[in-house]
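So you can see what is in the structure, the chains are spelled out below.
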Amino acid sequence: MSETPLPLRGAVDLAALAAQSKRAESGLATVDEAGLQALAEQSLQAPVIIAFVSSRVPASDQVATQLDRLARSQGGISVAACDVDAEPAIAQAFQISTVPAAVALIGARPAPLFQGAATAEQLEQLVGQVAQVAQQAGLGGGAAAEQPAAPEEPPLPPLIQEAYDAVERGDLAAAEGAFDKALTENPKDEEARAGRAQVRLMARSRTADLGAVRAAAAAAPDDVDAQLAVADMDVLGGQVEDAFVRLIDVVRVTAGDDRDRVRARLLELFDVVGGQDPRVLRARQALASALY
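None of the values given here were measured: they were computed from a predicted structure. (Residues numbered from 1 in each chain as written. Predicted model: local features only at pLDDT ≥ 70, side-chain atom pairs only at ≥ 80, totals over all residues. Heavy atoms only, no water.)

Attention shifts here to unusual backbone geometry. The amide bond that connects Val-99 to the next residue, Pro-100, takes the cis arrangement and shows omega of 0°. By the element assignment, Pro-100 lies in the loop between α4 (88-93) and β4 (101-106). Here the phi dihedral of Ala-108 falls at roughly 70°; this positive angle occurs in a residue that is not glycine. By secondary structure assignment, the location of Ala-108 is in the loop between β4 and β5 (109-115). Residue classification places Ala-108 among the partly exposed positions, given a relative accessible area of 36%. (Helix = DSSP H or I, 4+ residues; strand = E, 2+ residues; numbered from the N terminus. Buried < 20%, exposed > 50% of the residue type's maximum accessible area, 1.4 Å probe, protein only.)

With that out of the way, let us pick up the pairing of β5. By the bridge criterion, six bridges tie β4 to β5 in an arrangement that is antiparallel. The residue of β5 that forms the bridge with Ala-104 is Ala-111. Turn length for the β4-β5 hairpin, with the two strands adjacent in sequence and antiparallel, is two residues, and the turn residue Gly-107 shows positive phi of about 60°. (Pairing = 2+ DSSP bridges.)

It is worth spelling out the packing of aromatic side chains at this point. Applying the stated criterion across every chain, the model contains three aromatic pairs. Here the aromatic rings of Tyr-164 and Phe-179 are separated by 6.3 Å at their centres, their planes lie at 70°, and the arrangement is edge-to-face. You can see Tyr-164 sitting in helix α6 (residues 158-168) and its partner Phe-179 sitting in helix α7 (residues 172-185), a full 15 residues away along the chain. Accessibility expressed as a relative area gives 1% for Tyr-164, which makes it buried. Both rings, one in Phe-244 and one in Phe-270, keep their centres 5.0 Å apart while their planes meet at 90°; by these two values the pair is edge-to-face. Residue Phe-244 is found in helix α11 (residues 240-253), and its partner Phe-270 is found in helix α12 (residues 256-273); the two are separated by 26 residues along the sequence. Residue classification places Phe-244 among the buried positions, given a relative accessible area of 2%. (Phe/Tyr/Trp six-rings, centres within 6.5 Å; stacked < 30°, edge-to-face > 60°.)

So, about the pairing of strand β2 (residues 48-53). Among the six residues in β2, six count as buried, and that is most of the element. Of the two faces of β2, the one holding Val-48, Ile-50 and Phe-52 and the one holding Ile-49, Ala-51 and Val-53 are both buried throughout. Sheet analysis places β2 next to strand β3 (residues 78-83), joined by six bridges and oriented parallel. From the neighbouring strand, Phe-52 faces β3, where its bridge partner is Cys-82. Sheet topology note: the β2/β4 ladder contains five bridges and is antiparallel. Within the sheet, the bridge partner assigned to Val-48 lies in β4 and is Leu-105.

Okay, structure coming up:
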C-alpha cells in the first residue's frame, strides 16, 4: 500500500505541511476560510484564480504552480492555492469533487475552469480566457497590476522544519530522528510528539496491504500484532473510533507485556489524532476503565 496522508482534523498532517512549505517557497499564496472573503473582494478589482490542491495528489501542486506562472506572465491576475484536505468547506462550497481543479473569481462571482487533468496548453488558454472576460467586465487582467504581498508565514522551529523536509523527500527515519531531538529539547512539544507519532504510523503502514492486514486480523483475533496492524490501517483510513474500540477490547483481554504494548500503541494513536479530539477524549475514558 502506498503512503497515505491522514484525513484527520486536528492531526499533524505531515505530507500536507511539507506541501504547504513547498508552496510557500515558490511564492504561491494560499487561501483558507478566513481569507476567502478577502479574495472575493480582491476579485472586484482584478480576477483571482483559486487552484484546488491536495498533498495526496502531487500533480495538483504542479498545476497550481503552472497557473501562477501563467497568471504572472499575463499580468493583473493572481492565483491562490486551496488545500482541499485542510479546507474541505471551501472545496464543498465550490463543488470540487477532484483535484487538480480551478475556479476563477471575477467580480466576486465564481467561474469554474476545470476539474481533473489539464494540459499546459489548456491551462494557458484558460488563463487567457479569464483575462479576456475580466477586461470585458472592466476589471484588471491583461495589464500588469500590483498585487498585495502575501503575508509571510512565521518560520518553523529548525528541528520541526528538518522533520518536514525529511517527510517531503520520503526519509521517515530522518523525520523521526528530528522529532526525537525536538522532544529531547522540549518534552512538552506537542507538535513534535504528534509528528513523531504520525511518522511512525506512516513507516509501519507504508508497505502494508490493507486486504491482507484485515484478513490476518479476522483470522487471528487473539494475535496482538495483527490487531495492532489493522488498527493502524483504520486510523489511516479515517475509521478512528473503530481502531480505538478494537485496541481497548484487546487491552481488556490481555495482560503483561502484550497489554503494555497495546496501551502504548493506543497512546501513540491518540497523539496522531490530537489530544483534544472528542474521539480521543472518549477513548481515554474507555481505556482507563479497561485498565482499572
